Amino acid sequence: MTTPALLPLSGRRLPPLNLGASAFPHHRATLRLSEKFILLLILSAFITLCFGAFFFLPDSSKHKRFDLGLEDVLIPHVDTSKGGKNLGGFLIHGQEHDEHRHREEEERLRNKIRADHEKALEEAKEKLKKSRDEIQAEIQTEKNKVVQELKKKDSKPLPPVPLPNLIGINSGEPADPDIREKRNKIKEMMKHAWDNYRQYGWGHNELKPIARKGHSTNIFGNSQMGATIVDALDTLYIMGLHDEFREGQEWIDKNLDFSVNSEVSVFEVNIRFIGGLLAAYYLSGQEVFKIKAVQLAGKLLPAFNTPTGIPWAMVNLKSGVGRNWGWASAGSSILAEFGTLHMEFVHLSYLTGDPVYYNKVMHIRKLLQKMDRPNGLYPNYLNPRTGRWGQHHTSVGGLGDSFYEYLLKAWLMSDKMDTEARKMYDDAIEAIEKHLIRKSNGGLTFIGEWKNGHLERKMGHLTCFAGGMFALGADGSRDDKAGHYLQLGAEIAHTCHESYDRTTLKLGPEAFKFDGGVEAVAVRQNEKYYILRPEVIETYWYMWRFTHDPKYRQWGWEATQAIDKYCRVSGGFSGVKDVYSSSPTYDDVQQSFFLAETLKYLYLLFSNDDLLPLDNWVFNTEAHPLPVLHLANTTLSGNPTYQ
């Protein structure tokens, strides 16, 4: 998983000023009370106007039928114009009787208006006797009714789609008691993280476990969208924590609302929310998750309204206005953001039958195929207005990482039919291996970053996912190089383990260098933190699945123990600011991806391979499992890419 938006300090914002009810409690209550009273006065005036109208309006009963919903007195009329005796219609019985009847009905109507008027005034008096809290509660109830009615109107029924063949969603119990005990420990850690979020941060995006309150960042905008709930659902499900899963489902059903005036990261919302909702739908079969995913996807589509079709980094969910991060190379979009939509958008088109999502991501792919690439490498920045590359900076870590991951996974998710994606992946990996992958003096294989023609010998924690990617893509690689790429994955896993092992806490830093005598160690203070990231453990899990070498479980257990010892607090789990310090300070954030990815990959590492087998499931970059689509039976099978 990549979180480029979190890297630069300029991407952060000050918390919004709170001008809610607590800021001006008395003024706001008085305002609401006055509004209520004014509405009642208007209603009374309207009723009085109607009542008076009957005294001053001219009597039109002689010209028009005044229907009060009562039956008219009618008598049959015999049509004798042709000498016959059959009935030809009806006539009103007598003008005098008609006028008398209407006078009576008008009097009755006046009396009814008087009674309604008096009743309205009595109700107004009763309302004004109520306390401020009671009136506010009634207003909120009415608001909720309106919101629910609007939601019903917006919730268009989706077409029925047969679910793919889902295998391995309730299995994986290891026979070895030692492995089973370790897996249960990881499950307990998940429950500790969830229970504290449930108690102290429920509905907020994330948790501050030490302050014991909700937390959010600018990637989620200014609204509380329950990011941890959505991100954690599939982990809860595969761990068998079904009561907790139902808690999350209930919150999503009743509270998850995307009609908010909030500017969010398209990338983060896609991988965490759409990916999480789709995975929860496939695992549980509960329609609410599919409906919410499609609603949210519709809110993201305006981000693609650019001259090139390359989406903006951010979009306002209410207005649809998009823009890019201010720090991103002269207004550019970021490769890892616009290049990490394919998996989720293909599934959206599959589930809805609407090709718009598929067409959006395929347009991005076609544009990239036409562009020149320096040294065969994809720069991290692309201007959505001009269609030109920004700064020539290439990384397999932050800003670039999951673009390459999704090329490979597009091929896997298509049941290996999307050969175009596979070719793009193979071409990119060959260029990366030629220009970015090196061996240190101490024999450690690392992936550097290309900046303006120069290789920076630094590797980020985010880049450590690549070991697992190389192993996952080994089968099907060119020129019978499967063994080579599996070995390359093992070397990256070893390097990243060294970055953990060379710290005091046995947890890896955010970035580490390979300069001179310094290898796999962070040099700058602002690169020594660990924020509960999953990428190293992700690679351990993939390597375990493909090799069953016991060292990967050993390394995973070392990380588990270190997290439990140094990151666990009474209110959840927190990142630490310096992994080289024996008494580190906490950053006081329990990231949503800790529940979505880190704990999920650890749990899978100590489970049997029949839990979410890789022949049937492909994990998005937030570790949300999506099923392989056998596209001969889907709405996408007509596309030449998949033939």
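What counts as what
Sequence order as written defines residue numbering, which begins from 1 separately in each chain. With the structure being a predicted model, the display of local features is reserved for residues of pLDDT at least 70 and the display and counting of side-chain atom pairs for 80 or more, all residues being used for whole-chain, interface and lining totals. Side-chain measures were taken over the full set of non-hydrogen atoms in the model, leaving aside hydrogen atoms and water. UniProt positions are given in the numbering used here, feature names are shortened, and annotations may be inferred rather than shown by experiment. Labels follow the DSSP assignment, with helices taken as runs of H or I lasting at least four residues and strands as runs of E lasting at least two, numbered in each case from the N terminus. We call two residues contacting when some pair of their heavy atoms lies within 4.5 Å. For every residue, the accessible area (1.4 Å probe, protein chains only) is compared with the maximum for its type, and the residue is labelled buried under 20%, exposed over 50%, or partly exposed between those bounds. A pair of cysteine sulfur atoms is labelled a disulfide when the two atoms are within 2.5 Å. Salt bridge criterion: a side-chain nitrogen from Lys or Arg within 4 Å of a carboxyl oxygen from Asp or Glu. We call two N or O atoms a polar contact when they sit within 3.5 Å, provided that within protein one can donate a hydrogen and the other can accept it, with sequence-adjacent residues counted only if both atoms are side-chain atoms. Space inside and on the surface of the protein is sampled on a 1 Å grid over the protein atoms alone, with a cavity defined as a set of points where a 1.4 Å probe fits but cannot get out and a pocket as an open set with protein on both sides within 12 Å along at least 5 of 7 lines; lining residues have an atom within 4 Å of a point. Grid points are joined across faces, edges and corners, and a volume is the space filled by probe spheres set on the points. When residues are sorted by character, Ala, Val, Leu, Ile, Met, Phe, Trp, Tyr, Cys and Pro go into the nonpolar class, Asp, Glu, Lys and Arg into the charged class, and all the rest, Gly among them, into the polar class. Pairing between strands is defined by DSSP: at least two bridges between them are needed. To get an axis, fit a line to the C-alpha atoms, keeping to the stretch in contact for a helix; angles then go from 0 to 180 degrees between the N-to-C directions. Roughly parallel refers to an angle under 35 degrees, roughly antiparallel to one over 145, roughly perpendicular to one between 65 and 115, and oblique to any angle outside these ranges. By convention the crossing between two helices is left-handed if the near helix lies anticlockwise of the far one by an angle smaller than a right angle, and right-handed if it lies clockwise. Stacked, edge-to-face and tilted are the three classes for Phe, Tyr and Trp ring pairs, Trp counted by its six-membered ring, which pair at centre distances within 6.5 Å; planes under 30 degrees apart are stacked, over 60 edge-to-face, the rest tilted. Note on criteria: charge over ring means Lys NZ or Arg CZ within 6 Å of the ring centre, with the direction from the centre no more than 35 degrees off the ring normal.

- Under an unreviewed UniProt entry, the protein has the name alpha-1,2-Mannosidase and belongs to Melopsittacus undulatus.
- Quoted verbatim from the Sequence similarities (unreviewed entry) heading of the UniProt record, the comment on the protein is "Belongs to the glycosyl hydrolase 47 family."
- The record in UniProt for the protein states the following under Function (unreviewed entry): "Involved in the maturation of Asn-linked oligosaccharides. Progressively trim alpha-1,2-linked mannose residues from Man(9)GlcNAc(2) to produce Man(5)GlcNAc(2)."

### Quick word on the environment of aspartate 609
Phase 1 of the analysis: Secondary-structure assignment places aspartate 609 in the loop between α18 (592-605) and β20 (617-619).
Phase 2 of the analysis: The spatial distance from the C-alpha of aspartate 609 to the C-alpha of proline 174 is 9.4 Å, given a sequence separation of 435 residues.
Phase 3 of the analysis: Contacts of aspartate 609, omitting those with residues within four sequence positions, involve Trp544, Arg545 and His548.

### Focus: the side chain of asparagine 196
Phase 1 of the analysis: With respect to the secondary-structure elements, asparagine 196 resides in helix α4 (residues 177-200).
Phase 2 of the analysis: For asparagine 196, a relative accessible area of 8% translates into the label buried.
Phase 3 of the analysis: Not counting chain neighbours up to four residues away, the residues in contact with asparagine 196 comprise Gly201, Leu207, Ser570, Gly571 and Gly572.

### Looking at the state of the cysteines
Joining two cysteines, a disulfide is a covalent bond between their sulfur atoms.
Phase 1 of the analysis: This model, assessed by the stated rule, comprises 1 disulfide.
Phase 2 of the analysis: Between the sulfur atoms of cysteine 464 and its disulfide mate cysteine 496 the distance is 2.0 Å. Disulfide cysteine 464-cysteine 496: torsion about the S-S bond near -95°, hence left-handed. In this pair, cysteine 464 sits in the loop between β15 (458-460) and α14 (466-472) while cysteine 496 sits in helix α15 (residues 482-501), placing the two residues 32 residues apart along the sequence.

### Focus on the pattern of salt bridges
Side chains that carry opposite charge are capable of pairing whenever their charged atoms lie near each other.
Phase 1 of the analysis: Overall, the coordinates contain 38 salt bridges when judged by the stated rule.
Phase 2 of the analysis: One salt bridge in this structure joins arginine 568 and glutamate 188, with 2.6 Å as the shortest N-O distance. You can see arginine 568 sitting in strand β18 (residues 568-569) and its partner glutamate 188 sitting in helix α4, a full 380 residues away along the chain.
Phase 3 of the analysis: On the basis of relative accessibility, which here comes to 32%, the residue glutamate 188 falls in the partly exposed class.
Phase 4 of the analysis: One salt bridge in this structure joins arginine 272 and glutamate 622, with 3.9 Å as the shortest N-O distance. In this pair, arginine 272 sits in helix α7 (residues 266-284) while glutamate 622 sits in the loop between β20 and β21 (625-627), placing the two residues 350 residues apart along the sequence. Each member of the pair arginine 272 and glutamate 622 is classed as buried.
Phase 5 of the analysis: A single network of salt bridges, built from pairs that share partners, joins Arg422, Lys423, Asp426, Asp427, Glu430 and Arg478.

### Here we look at the UniProt feature "binding site: Ca(2+)" (unreviewed entry) in the protein
Phase 1 of the analysis: Taking the numbering used here, the UniProt-annotated feature "binding site: Ca(2+)" (unreviewed entry) corresponds to Thr621.
Phase 2 of the analysis: The topology assignment puts threonine 621 in the loop between β20 and β21.
Phase 3 of the analysis: According to the relative accessible area criterion, threonine 621 is buried, its value standing at 2%.
Phase 4 of the analysis: Separated by 2.9 Å, the side chains of threonine 621 and glutamate 405 make a polar contact.

### Some remarks on empty space enclosed by the protein
Phase 1 of the analysis: Within the structure shown, the criterion is met by 9 cavities of 30 Å³ or more.
Phase 2 of the analysis: Looking at the largest cavity, its volume works out to about 140 Å³.
Phase 3 of the analysis: Lining the largest cavity are 14 residues, and of these Gly339, His342, Val361, Phe403 and Leu407 lie nearest its centre.
Phase 4 of the analysis: Of all the elements in the fold, those that place two or more residues in the lining of the largest cavity are α11 (356-370) and α12 (401-413).
Phase 5 of the analysis: Taken together, the residues of the lining of the largest cavity sort by class into 10 nonpolar, 3 polar and 1 charged.
Phase 6 of the analysis: Considered as a void within the structure, the second largest cavity measures approximately 60 Å³ in volume.

### Observations concerning the sheet that holds strand β14 (residues 454-456)
Paired through their backbone hydrogen bonds, the strands of a sheet run either parallel or antiparallel.
Phase 1 of the analysis: Ordered in space as β10-β13-β14, the 3 strands form an open sheet in which the pairing is antiparallel. At either margin of the open sheet sits one strand with a lone partner, and together these are β10 (393-394) and β14.

### Section: the sheet that holds β15
Phase 1 of the analysis: Spatially, β15-β16-β17 is the arrangement adopted by the 3 strands of the open sheet, whose pairing is antiparallel. Of all strands in the sheet, those with a lone pairing partner are β15 and β17 (518-521), marking the two edges. Ignoring which end each strand starts from, the neighbouring axes of this sheet average 15° apart.
Phase 2 of the analysis: Sheet analysis places β15 next to strand β16 (residues 511-515), joined by 3 bridges and oriented antiparallel. Residue pairing in the sheet places lysine 458 in a bridge with lysine 513 of β16.

### Overview of the packing of helix α10 (residues 342-352) against α11
Phase 1 of the analysis: Running from N to C, α10 and α11 cross one another at 150°; their axes reach a closest spacing of 7 Å. Here α10 lies roughly antiparallel to α11, going by the angle between them. Remark: the crossing between α10 and α11 carries left-handed chirality. Where α10 abuts α11, its residues His342, Phe345, Val346, Leu348, Ser349 and Thr352 lie against Val356, Tyr357, Tyr358, Val361, Met362 and Arg365.
Phase 2 of the analysis: Of the residues that constitute the contact of α10 with α11, the class distribution is 8 nonpolar, 3 polar and 1 charged.

### Description of the packing of aromatic side chains
Phase 1 of the analysis: Per the counting criterion, the structure on display carries 26 aromatic pairs.
Phase 2 of the analysis: The interplanar angle of 65° and the centroid separation of 5.2 Å between the aromatic rings of tyrosine 237 and phenylalanine 245 together place this pair among those described as edge-to-face.
Phase 3 of the analysis: Ring geometry for tyrosine 552 and tryptophan 555: centres 5.5 Å apart, planes at 85°, overall edge-to-face. Here the residue tyrosine 552 and the residue tryptophan 555 both occupy positions in helix α17 (residues 551-566), the gap between them amounting to 3 residues, near one helical turn.
Phase 4 of the analysis: We classify tyrosine 552 as buried; its relative accessible area is 2%.
Phase 5 of the analysis: Using a relative accessible area of 9% as the deciding quantity, one classes tryptophan 555 as buried.
Phase 6 of the analysis: Counting every residue linked through ring pairs, the aromatic cluster contains Tyr378, Trp389, Phe403 and Tyr404.
Phase 7 of the analysis: The aromatic ring of tryptophan 202 is capped on one face by arginine 198, whose charged end is 4.1 Å from the ring centroid.

### Section: the UniProt feature "active site" (unreviewed entry) in the protein
Phase 1 of the analysis: The positions that UniProt labels "active site" (unreviewed entry) are, in the present scheme, Glu268, Asp401, Glu510 and Glu535.
Phase 2 of the analysis: For aspartate 401, the location among the structural elements is in helix α12.
Phase 3 of the analysis: The buried category is assigned to aspartate 401, whose relative accessible area is 2%.
Phase 4 of the analysis: Residue placement: glutamate 535 occurs in helix α16 (residues 535-547).
Phase 5 of the analysis: Exposure remark for glutamate 535: the relative accessible area of 0% places this residue in the buried category.

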